[in-house]
Amino acid sequence: MSDLKTVGTTVPRKDAMEKVTGAAEFIEDRYMGPMLYAKMKKSTVAHGKIVRIDTDKAEKHPGVKAVLTGKDYPNMIGLYLIDRTFLAVDKVRFWGEPVAVVAATSEKAAAEAVELIEVEYEELPGVFDPREGIKPDAPIIHENLGNYEIVPIFYPKPGTNIANHFKIRKGDIEEGFDQADHVLEKEYYVPQMQHVPIETHKAAVQWSPDGKLTVWSTAQSPNVVRQLLAKSLDIPMHKIRVISSYIGGGFGCKAGASIEGLLVPIAQKYPGHIIRIVFDREEDMQGTFTRQALFSKLRTGFTKDGRITALQYEMIWDGGAYTEYGVNIVRAAGYSSTGAYDIPNVKTDSYCVYTNNSIGGPVRGFGMCEMQWGIERQIEEVAKHLNMDPLEVRLKNGMKRGSTTASGQVVHDVDYEKCLKLVADKIGWGKQESGKDGKLRGKGIAGLVKCPAQPSNAASSAIIRINEDGTAHVMVGATEMGQGMLTAISQIASEALHIPVDKIDIKVPDTDFTPYEWQSVGSRITYTCGTSVKRAAEDALGQIYCIAANLLEVPQEDLSYDGKKVYSNKDPNIKATIREIADSCKKCTGEGIAGPIIGRGSFVPTNMTNLDPETGQGNPGLFYCFGATGVEVEIDPETGVVEILQLASSIDAGKAINPQLATVQLHGGTIMGLSTALYEEVRFDKGIMLNRNFTDYKIATFDNVPHIDSFIVETPETNGPYGARGIGEQPMIGVAPAIANAVSDALGVEFNSFPLTPEKVWRALKDKK
Amino acid sequence: MKMLSYDYVKCTGLSEAVDILAKEEQAYPYAGGTDLMVGMRGGKFAPKKLVDVKDLPELNVFEENDQGIIIGAAITLNQIACDDSIVKNIPILAEGSHSVGGYTIRNRATLAGNICNASPAADTAAPLYTLEALINIAGPDGNRSLPVEEFFTGPGQTALKKGELVQSIVIPRPFPAGKGVYSKASRTGSVDLATVGVAVQNWGEHVKIAVGAVAATPVRALSVEKAINEKGEKSSAEAAKLVHNDIAPITDIRGSREYRYHMVEVLVRRGLEQTMGV
Amino acid sequence: MSDKIKIKFTVNGDSEEREAVVGETLLKFIRDELNLTGTKSGCEIGECGACTVLLDGKPVNSCLVLAVELDGKELLTIEGLSKNGELDRLQQAFIDHAAFQCGYCTPGMIMAARSLLERNPNPNDSEINKALSGNLCRCGAYQEIRDAVKDSASK
Ligand SMILES: Cc1cc2nc3c(=O)[nH]c(=O)nc-3n(C[C@H](O)[C@H](O)[C@H](O)COP(=O)(O)OP(=O)(O)OC[C@H]3O[C@@H](n4cnc5c(N)ncnc54)[C@H](O)[C@@H]3O)c2cc1C
Ligand code: FES
Ligand code: FES
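Computed from a predicted structure; not experimentally measured. (Residues numbered from 1 in each chain as written. Chains lettered and ligands numbered in written order. Predicted model: local features only at pLDDT ≥ 70, side-chain atom pairs only at ≥ 80, totals over all residues. Heavy atoms only, no water.)

### Comments concerning the overall build of chain B
When you go through chain B residue by residue, the secondary structure sums to twelve helices and 14 strands. Counting only C-alpha atoms and orienting by the principal axes, one finds that chain B spans roughly 55 × 45 × 30 Å. In chain B, which comprises 278 residues, the proportion classed as buried is 61%. Put simply, of all contacts in chain B between residues at least 6 apart along the chain, 60% involve residues at least 24 apart. As displayed, chain B has an accessible area near 10,500 Å², and 50% of this comes from carbon and sulfur atoms. (Helix = DSSP H or I, 4+ residues; strand = E, 2+ residues; numbered from the N terminus. Buried < 20%, exposed > 50% of the residue type's maximum accessible area, 1.4 Å probe, protein only. Contact = heavy atoms within 4.5 Å. Areas by Shrake-Rupley, 256 points an atom, 1.4 Å probe, with all protein chains shown as cover.)

### As for the domain arrangement of chain C
All names here are of chain C. By domain assignment, chain C separates into domain 1 (4-79) and domain 2 (89-154). Using C-alpha coordinates to define each centre, domain 1 is positioned 21 Å away from domain 2. Opposite the 14 residues of domain 1 that make contact, domain 2 presents twelve residues. Interface of domain 1 and domain 2: buried area, both sides summed, is about 1,100 Å²; carbon and sulfur atoms make up 64% of it. Taken as a group, Lys40, Thr52 and Ile78 account for 40% of the area that domain 1 buries against domain 2, more than any other trio of residues on that side. Inspection of the region where domain 1 meets domain 2 yields zero salt bridges. On the surface where domain 1 and domain 2 come into contact, there are four residue pairs in polar contact (both at pLDDT 80 or more). Among the elements that take part in the side of domain 1 that touches domain 2, strand 3 (residues 52-55) stands out by supplying three residues, more than any other. Here the side of domain 1 that touches domain 2 is built from residues that sort into seven nonpolar, five polar and two charged. (Domains from an automatic or database assignment. Buried area = accessible area lost by both parts, 1.4 Å probe. Salt bridge = Lys/Arg side-chain N within 4 Å of Asp/Glu carboxyl O. Polar contact = N/O pair within 3.5 Å; in protein donor to acceptor, adjacent residues only side chain to side chain. Nonpolar A, V, L, I, M, F, W, Y, C, P; charged D, E, K, R; others polar.)

### Some thoughts on the sheet that holds strand 24 (residues 559-561) of chain A
All names here are of chain A. Strand order in the open sheet made by the three strands is 24-25-26, with antiparallel pairing throughout. Both edges of this open sheet fall to strand 24 and strand 26 (575-577), since each of them pairs with a single strand only. Going across the sheet, the axis of each strand differs from the next one's by a mean of 15 degrees, ignoring polarity. Two strands pair when backbone bridges link them, and strand 25 (residues 565-568) and strand 26 are joined in this way by three bridges, in the antiparallel orientation. Within strand 26, the residue paired with Tyr567 across the bridge is Lys575. (Pairing = 2+ DSSP bridges. Axes fitted to C-alpha atoms, helices over the stretch in contact; angles between N-to-C directions.)

### So, the pattern of salt bridges
What the rule picks out here adds up to 81 salt bridges over all chains. Residues A:Lys108 and A:Glu112 are paired through a salt bridge, measuring 3.4 Å at the closest nitrogen-oxygen approach. Note that A:Lys108 and A:Glu112 are positioned in helix 3 (residues 107-116) at a spacing of four residues, about one turn of the helix. Residue A:Lys108 is classed as partly exposed on the basis of its relative accessible area of 32%. Between C:Lys150 and C:Asp125 there is a salt bridge whose closest N-O contact spans 2.7 Å. One end of the pair, C:Lys150, is in helix 5 (residues 142-154); the other, C:Asp125, is in helix 4 (residues 125-132), and 25 residues separate them in sequence. Judged by its relative accessible area of 33%, C:Asp125 falls in the partly exposed class. Through salt bridges with shared partners, one network takes in A:Arg52, A:Asp54, A:Lys57, A:Glu118 and A:Glu120.

### Considerations on the interface of chain B and chain A
If you look at the interface, chain B gives 24 residues, while chain A gives 24 residues. When chain B packs against chain A, close to 2,100 Å² is buried across both sides, 50% of that on carbon and sulfur atoms. Where chain B packs against chain A, one counts five salt bridges. Linking A:Glu638 and B:Arg269 is a salt bridge whose minimum nitrogen-to-oxygen distance equals 2.4 Å. Scanning the region where chain B abuts chain A turns up 16 residue pairs in polar contact (both at pLDDT 80 or more).

### Some thoughts on the packing of helix 16 (residues 659-678) of chain A against helix 17 (residues 735-747) of chain A
Residue and element names in this part refer to chain A. Running from amino to carboxyl end, helix 16 crosses helix 17 at an angle of 55 degrees, the nearest separation of the two axes being 8 Å. One element, helix 16, and the other, helix 17, form an angle in the oblique class. As helix 16 runs across helix 17, the sense of the crossing is right-handed. Contacts from Thr670, Gly673, Leu674, Ala677 and Leu678 in helix 16 reach Val735, Ala736 and Ile739 in helix 17. (Parallel < 35°, antiparallel > 145°, perpendicular 65-115°, else oblique. Left-handed = near helix turned anticlockwise from the far one by under 90°.)

### Let's talk about the sheet that holds strand 4 (residues 62-64) of chain B
Residues and elements named next belong to chain B. Spatial ordering of the open sheet is given by 4-5-10-6-7, a layout of five strands whose pairing is antiparallel. For this open sheet the edge positions go to strand 4 and strand 7 (142-147), each flanked by a neighbour on one side alone. The mean inter-strand angle of the sheet, taken between neighbouring strand axes irrespective of direction, is 20 degrees. Pairing of strand 6 (residues 134-139) with strand 10 (residues 165-172), which is carried by five bridges, proceeds in the antiparallel orientation. Considered in strand 10, the bridge of Ile135 is made with Ile169. Together, strand 6 and strand 10 form the strand contacts of helix 1 (residues 14-23), whose direction differs from that of strand 10 by roughly 125 degrees.

### Remarks on helix 3 (residues 106-119) of chain C
Residues and elements named next belong to chain C. Helix length check: helix 3 (14 residues) gives 20 Å between terminal C-alpha atoms against 20 Å at 1.5 Å per residue, within 8%. For helix 3, the tally of buried residues reaches twelve of 14 residues, placing the bulk of the element in the interior. Of the residues making up helix 3, those classed as buried are Thr106, Pro107, Gly108, Met109, Ile110, Met111, Ala112, Ala113, Arg114, Ser115, Leu116 and Leu117. (Expected span 1.5 Å × (residues − 1).)

### Brief notes about the environment of A:Ile274
Within the secondary structure layout, A:Ile274 lies in strand 14 (residues 274-278). Filtering out sequence-adjacent residues up to four positions away, A:Ile274 remains in contact with A:Met32, A:Gly33, A:Pro34, A:Met35, A:Leu36, A:Ala204, A:Val205, A:Gln206 and A:Trp216.

### Some remarks on the site of ligand 1
Within the structure, ligand 1 sits among 34 residues, and B:Pro29, B:Thr34, B:Asp35, B:Thr110 and B:Asp123 are positioned closest to it. What surrounds ligand 1 is not a single chain but chains B and C. In the model, an oxygen atom of ligand 1 is placed 3.0 Å from a nitrogen or oxygen of the B:Lys184 side chain. Contact with the protein chains covers 95% of the free accessible surface of ligand 1, which is 980 Å². (Near = heavy atom within 4 Å.)

### Some thoughts on the interface of chain A and chain C
Counting from both sides, the interface comprises 53 residues of chain A and, opposite them, 45 residues of chain C. Roughly 3,900 Å² of surface becomes buried between chain A and chain C when both sides are summed, with 58% attributable to carbon and sulfur atoms. On the chain A side of the interface with chain C, the three residues burying the most area are A:Val20, A:Ile198 and A:Phe702, jointly 23% of the side's total. Scanning the region where chain A abuts chain C turns up six salt bridges. The partner of A:Asp29 in a salt bridge is C:Lys40, and the shortest N-O contact between them spans 2.6 Å. When contributions to the side of chain A that touches chain C are tallied by element, the ones reaching two or more residues are helix 1 (16-21) and helix 16 of chain A. Tallying contributions element by element places helix 16 of chain A first for the side of chain A that touches chain C, with nine residues. A breakdown of the residues in the side of chain A that touches chain C according to their chemical character gives 24 nonpolar, 17 polar and twelve charged.

### Side note on the pairing of strand 2 (residues 48-54) of chain A
Residues and elements named next belong to chain A. With two bridges connecting them, strand 2 and strand 6 (residues 91-92) associate as antiparallel partners. In the strand pairing of strand 6, Lys49 is matched with Lys91. Note that strand 2 and strand 8 (residues 118-123) share six bridges and pair antiparallel. The residue of strand 8 that forms the bridge with Ile50 is Tyr121.

### As for the environment of A:Arg84
Residues and elements named next belong to chain A. Of note, Arg84 is situated in strand 5 (residues 84-85). In this structure Arg84 comes out as buried when scored by relative accessible area, which is 13%. Residues Arg84 and Ser258, spaced 174 residues apart in sequence, show a C-alpha to C-alpha distance of 9.6 Å. Reaching out from Arg84, the side chain makes a polar contact with the side chain of Glu324 at a distance of 3.1 Å.

### Digging into the packing of aromatic side chains
Residues and elements named next belong to chain A. By the definition in use, this model includes 23 aromatic pairs over all chains. With centroids separated by 5.3 Å and ring planes inclined at 55 degrees, the aromatic side chains of Tyr80 and Phe154 adopt a geometry described as tilted. Of the two residues, Tyr80 is situated in the loop between strand 4 (76-77) and strand 5 and Phe154 in the loop between helix 4 (130-133) and strand 9 (162-170); the sequence distance between them amounts to 74 residues. Its relative accessible area of 3% is what places Phe154 among the buried residues. In this structure, Lys19 packs its charged tip against the face of Tyr246, placed 4.7 Å from the ring centre. Note that Arg299 overlies the ring of Phe177, its terminal NZ or CZ placed 4.2 Å from the centroid. (Phe/Tyr/Trp six-rings, centres within 6.5 Å; stacked < 30°, edge-to-face > 60°. Lys NZ or Arg CZ within 6 Å of the ring centre and 35° of its normal.)

Here it is as structure tokens:
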């Protein structure tokens, strides 16, 4: 594919000029017109009945236009498991749950009015640990679980707190353990984390007098917002318009729909006004998705030469108070539960459990960071047990072309081995360095894999309009939250259309004008939206040829196109410029031919299936992306401080559409992984989130980030556009286990949970002594 | 998030500021605002009036004279961290100042604000303790001066009386003859509050040690000092163990009580090794 | 109690006279009164740096400054960095190195880095780290930002 012109080259980001000049429009930057400002009243208990809400004083407060409680507005919403209302009705299930919303003519008036709302609760016993919540005698958080509407690929257990129980039964687990010479069993724990995009959640809505709802939102997926609002509010889709601006980081927390619907009834009362809500940092941390905590137990059977014969994985996830989205993470972790390894006999039980902690939901990696933490830690222990090189154990069991996943799906375009070896070589694997001043050094590696977690029919589409001058507009429903979608998608269009990138315009989505896109999640856009765009370009190209053939009176098969003109292969002087084709669309006689040129392309997966409810067997993966992380650390054994000396990260992108942007993504994911590995943990006390600002919840900054060596591997994805697959989430997955493996290597202690804070490392060393 | 209404006044003379602070209820001196603005947002402070003292000439004094180094209350931590005289004579204060927040914060944050806010974790406090700094206070009843150790009275509490404000902080002569180091342990090692902070200052003949984030106020490690200064303890490790007698840390989001005990001991020992060569 | 105070200042080179509400932050004033929405809010407690602007040439977290303090001062925001449509060389270096993803931290980042380059025209990695560590980038463009700052310094 060396004849590619644009794909595979580094072109500047489409959004670059706007973003370095401050001109880029985020939703709060938009001057919107007559405004009302909304603020929420939040619950002060984690689990309780609402005995009384008194909004009288708030309603009378100067400037207040509307006060709404759950009773006024009991509509349900949710993506997979419809278990939420916009405002709590009768009962609150987590600390900080919105119980009322106030709209006023100023933010100040709204904030003051919120303070005037009186709420009385009757506190109920809470569930704060999913291992307790799963027990038969635990307090029930959703009494109505049996009546909730649900996508039928999830398996809640009414009468319990189990929102989903996903199973894998692959091969014969008993036999697998029989074949094993050794068996290891360990427990692992991954705490909650927060995405903390620097831009918090924001939304604005407007109801026009003719009954049209316009929504501006930081949502990652305008089409999902439209779909969920349409269903929840019973408004037809053509009456809902959802507009995305640039998004200041998503990482999963802005997936689905959450805050937009809160504002609709107020908007309906004040047609023409724009009702806006802006979450402050604390609201953002406490009131939006957290990464679900995971308590797991992993049992591995392996032979004396290091071949894994059986794996039994029990995962108990802290789904939080509502699991409308979380149920799918639990499923994804289940069907991927062997990580990057080919293991013949697998038994997995993955439970999503309601608790009275903050709502769990998607975060970059969608369960893979949490689940593969256990896998990658245990592989290390297997190697140690056998006195084998952990890299060798990984290579021996690692997936190859033709391997099967936990769900029995065959993987095709794989070079996991290369990913591992690149990072191993880079960090000087096998060479032990000694630290200075009593510090200890160690090296660690971890592998990773992820497929997009999406319904088997999650679709994409694209429209390409060729202008009269031969320039083009690409219209897609994907959002730009930093991942570089606008640029990569333009490059794909450019490649297929032979039109230079700078002659292609692309904007963020607006559901009234841009075609359907399921969601910008799961590292899927390059593949799914990219395929749609490629198809739309090919469609447009077909029209170009068709018009040219008519115009030039040359059969299509004898024509060539070089991006500027279409010409006859036999006589290049017989030609028409793209301008002529796009603009005139007519013969010299004046008879019209066809046009204007509008290419359309769509994509829906054809390689995915449902999974068997009992065995979990089937094809859940659109594509599988592999990678690896390698680190060298130096530890001060007295203070427990871990310093990262080397950090290498590889990812198999299939084809990097834009190598620079792919590298930046790789770095970004690796850094987020590093930050969670060393610092991040949301702490709760009986459901109250303790560290809900940047003073208490620390993320990595410049000082904490070493130079990263990155490797983009290109094993083409057979069905991906130009061989590409998505890589947005993946680089994060291997970092925590690689660091823990390195620290473990240096200190000879095991780590079964992270973050590896100085205190935790110190404690582990102390306990060893 | 709290939305407050309050008044703002920018004073041009010290007496005017003192006057307002003395007469009006809930009037707060406003310096860099890096604590005040955050505290007001979180509901910790509810001022009726902010008295901006940054431009008062009396508070902008920054000089070295016979008495010592005079640091006006409006002098920022960045100014202090890169001041030649401070870096040369009392580098421990430059280190303490530099370890507060990030550059942009220190560009506004003042030394006076750091101690008036009286967080037990204030990074400049322990260095000031070991330097025997004096706090010059201006008030309705005239001026007075207090040793910094008497200035801190509790978490968020100082010896300031109604109407009083800090005019300057004095690092008296003679300056220490030996080396001093401030070591801060934190969760990220970057912009973060201290889990513990330890200042060790060699004075030539004796050592002074102070510790932050381990009690209601910063504290002197008197047991350690005594062992070294009076009893001739030569082992840093042995001396450092005694610091457990001087501190009473708690467990919070930044670290457990146990880890704090441990870290203070480690940092005291290392500080002694670096400054006393023992 | 005076609700509003008249203030005179220059913003991105132009003199202005406005009224500022007492108690309002400089960040809000810049965004809502001056309509310079390039400056961003990410925490409003001084921890993220998204709101960084230059006041009399020095970087401040505008969320921790009162609007009324602008009186008599010179304010430079991201909008004032490019002149006549020509980018500042640091802005160009950010583009060349793709030193951002979502771009939300970028205005604050560029202002903080601009001020670093003024103090230290040739910073090394560790000096950049120290100077910019109060600016968070959750997209993790730190390595590219370091490269951009060094690159623009060398030009
Ligand atoms: C992001 C961030 C990071 C931080 N990191 C650290 C850190 O690492 N270490 C640390 O120690 N601190 C840290 N701080 C806290 C803060 O920056 C310091 O305490 C700072 O020195 C306070 O000075 P200021 O001038 O901003 O005080 P202000 O906020 O103006 O005032 C603080 C208090 O002191 C009073 N006050 C101010 N001046 C006077 C005076 N002259 N006389 C009497 N009272 C006065 C005020 O009324 C107020 O009560 C951080 C703050 C932020 C926002
Ligand atoms: S908004 Fe000012 S520092 Fe975060
Ligand atoms: S580019 Fe997104 S936060 Fe920095």
